[in-house]
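# Topology and contacts: notes
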Amino acid sequence: EACPGCGLRIQRDADSTGCPNVTCPSCRKTFQCFTTMGDQHVVRGGIDNPTNTDHMFQVSLPMSVLQDVYRIIEASANSADEIEGLRKQLTLTHSPHLLVDAFNVISGGKTFFTFVDLRRVLFQYKYWSSERELQLIWHRYARGSDKVTLAAFAQQLEPVMGKV
């Protein structure tokens, strides 16, 4: 259930009989919550170690959902392999100055580039991306910073699984 104070999803880890109230860990609002995680923490009529919260993450899923999860994991692994291959190909087949040249185009000759620089150059070269895609590209290179240096740019394009 969603907390009426802040909207954070709240779920009990035990039956709510006797005390249906919960306190939101985010905004500290107390409200009634009847959604339970299940009774997997009860072991042979007694409670297993009450400090062990591993049971909270043992949720059984229907087989069709599990198959979908496996397909997503497989697709992610295949994409990671493909990206790694492209990084190796980039390293092997192009001039060692390629990354520096690309960086200079994006940065306009500065020692760093910003989100605005990245957007400008992508539009300049007619790479029309959605705002969401642009944000993902920026996050990939900036890693929480407000600018990207040549070292950070090159690091994202080098093979991850060792040198070629």
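Preceding block: the structure.
Here the structure is a predicted model, which means the values were calculated and not measured.

As a further point, take a nonpolar patch on the surface. Residues Leu61, Val65, Val69, Tyr70 and Ile73 make up a contiguous nonpolar surface patch of about 440 Å² in total accessible area. With respect to the helices, strands and loops of the structure, Tyr70 is situated in helix H1 (residues 63–93).

Inspection of every chain in the model, using the stated rule, returns 6 aromatic pairs. Aromatic pair Phe103 and Phe153: ring centres 5.8 Å apart, planes at 50 degrees, arrangement tilted. Taken together, the positions of Phe103 in helix H2 (residues 98–107) and Phe153 in helix H5 (residues 150–157) put the pair 50 residues apart, joining distant regions of the chain. Given the relative accessible area of 3%, Phe103 is considered buried. Among the residues examined, Phe153 registers a relative accessible area of 6% and is labelled buried. Between Phe113 and Phe153, the ring centres sit 5.9 Å apart and the planes meet at 80 degrees, which makes this aromatic pair edge-to-face. You can see Phe113 sitting in strand E5 (residues 112–113) and its partner Phe153 sitting in helix H5, a full 40 residues away along the chain. Classification of Phe113 as buried rests on a relative accessible area of 1%.

The rules behind each value
- Residues numbered from 1 in each chain as written.
- Predicted model: local features only at pLDDT ≥ 70, side-chain atom pairs only at ≥ 80, totals over all residues.
- Heavy atoms only, no water.
- Patch = residues over 30% accessible without salt bridge, like charges linked within 9 Å, V, L, I, M, F, W, Y side chains within 5 Å.
- Areas by Shrake-Rupley, 256 points an atom, 1.4 Å probe, with all protein chains shown as cover.
- Salt bridge = Lys/Arg side-chain N within 4 Å of Asp/Glu carboxyl O.
- Helix = DSSP H or I, 4+ residues; strand = E, 2+ residues; numbered from the N terminus.
- Phe/Tyr/Trp six-rings, centres within 6.5 Å; stacked < 30°, edge-to-face > 60°.
- Buried < 20%, exposed > 50% of the residue type's maximum accessible area, 1.4 Å probe, protein only.

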